[in-house]
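Listed here are the chains, written in short residue letters.
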Amino acid sequence: MSSLDSAKYPVEFEVNGEKQTIRVRAADILLYTLRDNLGLTGSKSGCDNGDCGACTILVEGFPIKSCLMLTVEVDGKQMTTIEGLRNSPVQNAFVKNQAFQCGYCTPGFIVNCEGLRNKLPHADKETIRVWLESNICRCTSYEEIRNAVKDVFSLEK
Amino acid sequence: MLGYDEKGGVKISSSLGKSIPRKETWEKVTGITRYVNDISTPGLFHVKIAISPHAHAKIITIDSSEAMKIPGVKEVITGRDFPILTGSPLADRPPIAIDKVRYYGEPVALVVADQDYIAEMAANRIKVVYELLPAVLSPREALQKNAPLVHERLAEYKQHEEVYPEPGTNVANRTKIRKGNMEEGWRKSHHTVEVEVTLPQSDHAAMEMRCCTAEIMPDGKVIFHSASQSPFVIRRAISQSFHIPIHKVIVHTPLVGGSFGGKSAIQMEFLAYMASRAVGGRAVKLVNSREVDMISSPVHIGLDATVKLGCTREGKLMATEILHLYDGGAYSDRGAVMSRSGAIDCTGPYRIDNVHCDSLCMYTNHPYSTSYRGFGHPELTFAMERAVDLLANLVNMDPLEFRFNNAIGPGDTTPTQTLLDRSNLGDLPMCIAKLKSLIDWDDLPHRKIDGHLIKARGVCCFWKTSDTPTDAGAGAVIVFNPDGSINLLCGAVEIGQGTRTALTQLLAEKLRMDDQMIHISTGVNTETDPQHWKTVASRSTFLVGNAILNAADDAIVQLKSIAAIVMQCLPTDLDVGAGKVFFKDRPAKGISIDKIANGYKFPNGNTIGGQVIGRGSYAMRNLTSLDPETGKGNPGPEWTVGAQAVEVELNTKEYTYKIVKAATVIDAGKVINPEFARSQVTGGMSMGLSLASREAFLFNDQGAIINPQFRTYKLIRYGEQPQYFVDFVETPHLEAPYGLRGIGEHGLIGMPAALANSLTLAAGVELNHLPLTPEMIWRTIHDSV
């Protein structure tokens, strides 16, 4: 199939609690479907290569880099983007610790932390490091993010 | 809030020194922030850049017929369609290459299409025939007499600011510092050292890629949305390049996703404008992919430097001779100015009476460079501080004591012969003293061996002035709302540093009111906001801050004159604070600002005054251009100083190392928001440690960059951060709001030097070449045996 192929296929999924049925090209990337078709621009493009984590969303509760997923792959699945989180403990901890500067990587970090909290609510320091090293923040020193994460996981600072 | 103490005086809480959160906090944690690429309009066309695969080559033909055949492609634009030269201070750069390409990644064509992926595909189908030219791949190579010329017509380029290109060579700019008497300086030097250092080019790597939209309206107005640090310079550059009246160029800059200097250059805007014009003025969007952002848009400058430094038997610095060869890349852009900055502060914050420095911005066939956090200073500091450490070692002195003894102070002069005083120079000895206690310098060993692990600590000092145009300035307008709150209008861009929030704190302090009553938009709009030169050089709180204080004074006069009529007194009887205008001697008696903010209406309907609107502006004072032969002049309003340290643990089996601790003490003049200040400093330190430990563009022998993505161009990640220590000294700069000094860039400046000094001590070999990867350490050790 050439990437010029403009044939569209129906895809049905749930994002932030809302059912969506849309038609997409086979080559459409999930990040851009969320941003361009559904207006969910909170997920950011930082590399389109799975290197930076700015596009992280939850698919079935698990953090996924949406730049590495085709939209047709999420047929029948349930997703949460940053727009689906309101007053979550992770967001509150990021606010309290001002764990961001420019804010561009922040949705990805928050969603990744949220996924970690869902899957491993008692994660230790090393597990947290392994999960969070998949995201890049260029502005902060990570110290602020570490403090926020420690609040969420009730670790000692 | 306003209260009254026992004696009936006014008690008002201060906004200074308070860590209030960013105004846009909740937008940023909920994903509703709109950066430029989050804005879309129906029918928007997409633009993609076709780039050069060669570092230096003649363009023979460009064939876009295959690209034009793809359905959805609207237009292909080449350099010949807009044969103009752009760039400041030296107009040496066609926005799209015309006769030849000068770097790998240079734009050779633009494609406009109705879909982003169509434009991308078409860009790949543009066929360009090149004839390869010999490439210049380092600044030292560029200086050779027989080096190929990157620019053959250097003499013909228009100059917008002072810059001294040398036609017939690859020198884009040369700054000379000639101070004192070199012969005498060397005669009095019992010890001398000479070091050669190199820092390769690297990337700003802001998380948000550069992005710009453009639309040309039927009446000729051009509207941009751009992720930029320089919305007002975009207006001027587009106006000059395309002969459009400046008032017809309107730039919107929303929140910016990081920039670090990289978004101060004007590049995308030229391309977006051309693209829009080619399709009849339709709205177009140009967004860089990460790869294009890294190699096609401007990068962080490189440096090859030689420093010769001498001191007396007692360790007093006497003379220095410095050669800076900045790797400016294919076009000079702000690299030409950065090389000047590298000369202005070439000695570091030390008293040296005899100085000879040539600082050159070299053309090479590398990507072109622009401002990067620290503006030439991380580079010059790395060179000088390696020499200082060597010399301290040679005279067998503690490296911090050596620096303390030679610290520059009031009464001394800079390399540009500017006389320093307690206001225009921070207190370096105090910073060094505080650093010592912060890291227990005197009590813990500087080097400690534990089996194959060696812990070592290295230090450095830095200084920086801003080197702006001598007329850089800013304006501010404060508009009172009917509820007594204020809208603050100004042109400082929020790039993550927290400036717009900190500016509301300055205004709150001046008007002695609650900072929650001061509102500020997130974005900048050149049509409605007063001009601000650029959000660069750690100068926004200084320039815009002073404009705001002047605007507040203007508003206070208006408030008092309305209140004086209502309260039947003289304006001079009154004072303003906590949302009220009140009698100086009877603070309990006053009128609330919301009653007079839109004029005061008497019971009979008569009204006096109207909406209270304060206006203020400020421009740099007493700055001068530098003498081209000696460098004499006054480049900046003040010098921020600081001292830094890094502790590493080197594994001598693997040559890997951990950065254990990093510390900075900086003279901030006055800390406005402690949390922002710490975060700016540690953020800068993190960027500096990442830069020094791993960041570099890797070129093949043809000049192509082989690591243009984050998988191969590594950045520091979560978990690698050391323990950070930060402290402040507060020596006021009398010209600045509440005495503040610039601190946005400075955490970065000394990190490469301090890391190299610590690793040199740990490894026992001189480490003078960045980045300090395990491979670099291993090679240096093995080459030395």
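Where an unreviewed UniProt entry is consulted, chain B appears under the name Xanthine dehydrogenase family protein molybdopterin-binding subunit, with the organism given as Cohnella endophytica.

The name an unreviewed UniProt entry assigns to chain A is (2Fe-2S)-binding protein, from the organism Cohnella endophytica. The record held by UniProt for chain A lists under Pathway (unreviewed entry) the comment "Alkaloid degradation; nicotine degradation."

Residue and element names in this part refer to chain B. The strand order across the open sheet built from three strands is S7-S4-S9, with neighbouring strands paired in antiparallel fashion. Of all strands in the sheet, those bounded by a partner on one side alone are strand S7 (100-101) and strand S9 (127-132). As paired elements, strand S4 (residues 57-63) and S7 share two bridges and run antiparallel to each other. Each bridged residue has a counterpart across the sheet, and for Ala57 the counterpart in S7 is Val101.

Before going further, it helps to examine the pairing of strand S17 (residues 302-311) of chain B. All names here are of chain B. Of all 10 residues in S17, nine are buried, a share of seventy percent or more. Judged from the nine bridges that link them, strand S12 (residues 191-199) and S17 form a sheet pairing that is antiparallel. From the neighbouring strand, Thr192 faces S17, where its bridge partner is Gly310. Judged from the 10 bridges that link them, S17 and strand S18 (residues 317-329) form a sheet pairing that is antiparallel. Opposite Gly302, over in S18, you have Asp327 as the bridge partner. In this structure, the hairpin formed by S17 and S18 is closed by a connection of five residues, where Gly315 is found at a positive phi of approximately 95°.

Among the surface-exposed residues, B:Glu401, B:Asp440, B:Asp442 and B:Asp443 lie close enough to one another that they form a single negatively charged patch. Tracing the backbone shows B:Glu401 in helix H11 (residues 399-406).

It is worth spelling out helix H12 (residues 428-438) of chain B at this point. Residues and elements named next belong to chain B. Within H12, the full set of buried residues consists of Leu428, Cys431, Ile432 and Leu435. The arc that holds the buried residues of H12, viewed along the axis, is 100°, so those residues lie on one side. Each element contacted by the buried residues of H12 is listed here: H11, strand S21 (453-464), strand S32 (640-651), strand S33 (657-667) and strand S34 (723-729). Capping the start of H12, Asp427 holds a side-chain oxygen 3.2 Å from the backbone nitrogen of Met430, two or three residues further along. Positioned one or two residues after H12, Asp440 has a phi angle of 50°, which is positive.

A few words on the pattern of salt bridges. Residue and element names in this part refer to chain B. Enumeration over the complete set of coordinates arrives at 49 salt bridges over all chains. The residue Glu152 makes a salt bridge to Lys100 at a minimum N-O spacing of 2.8 Å. Here Lys100 lies in strand S7 and Glu152 lies in the loop between helix H4 (139-143) and strand S10 (158-159), a separation of 52 residues in the sequence. Exposure remark for Lys100: the relative accessible area of 7% places this residue in the buried category.

Here the focus is the domain arrangement of chain B. Residue and element names in this part refer to chain B. Taken domain by domain, chain B consists of domain 1 (3-33 + 472-619), domain 2 (36-133 + 209-256 + 263-295) and domain 3 (375-468 + 635-784). With both chains or domains summed, domain 1 and domain 3 bury close to 1,900 Å², and 61% of this area falls on carbon and sulfur atoms. For domain 1, the biggest contributors to the area lost against domain 3 are Ser538, Arg539 and Phe542; these three give 28% of the whole. In this structure, the connection of domain 1 to domain 3 is made through one salt bridge. For the pair domain 1 and domain 3, the interface holds 10 residue pairs in polar contact (both at pLDDT 80 or more).

Conventions used here
Residues numbered from 1 in each chain as written. Chains lettered and ligands numbered in written order. Predicted model: local features only at pLDDT ≥ 70, side-chain atom pairs only at ≥ 80, totals over all residues. Heavy atoms only, no water. UniProt positions renumbered as here; feature names shortened; annotations may be inferred. Pairing = 2+ DSSP bridges. Helix = DSSP H or I, 4+ residues; strand = E, 2+ residues; numbered from the N terminus. Buried < 20%, exposed > 50% of the residue type's maximum accessible area, 1.4 Å probe, protein only. Patch = residues over 30% accessible without salt bridge, like charges linked within 9 Å, V, L, I, M, F, W, Y side chains within 5 Å. Areas by Shrake-Rupley, 256 points an atom, 1.4 Å probe, with all protein chains shown as cover. Salt bridge = Lys/Arg side-chain N within 4 Å of Asp/Glu carboxyl O. Lys, Arg positive; Asp, Glu negative; His and termini not counted. Charge placed at Lys NZ, Arg CZ, Asp CG, Glu CD. Arc of directions from axis to C-beta. Contact = heavy atoms within 4.5 Å. Polar contact = N/O pair within 3.5 Å; in protein donor to acceptor, adjacent residues only side chain to side chain. Domains from an automatic or database assignment. Buried area = accessible area lost by both parts, 1.4 Å probe.

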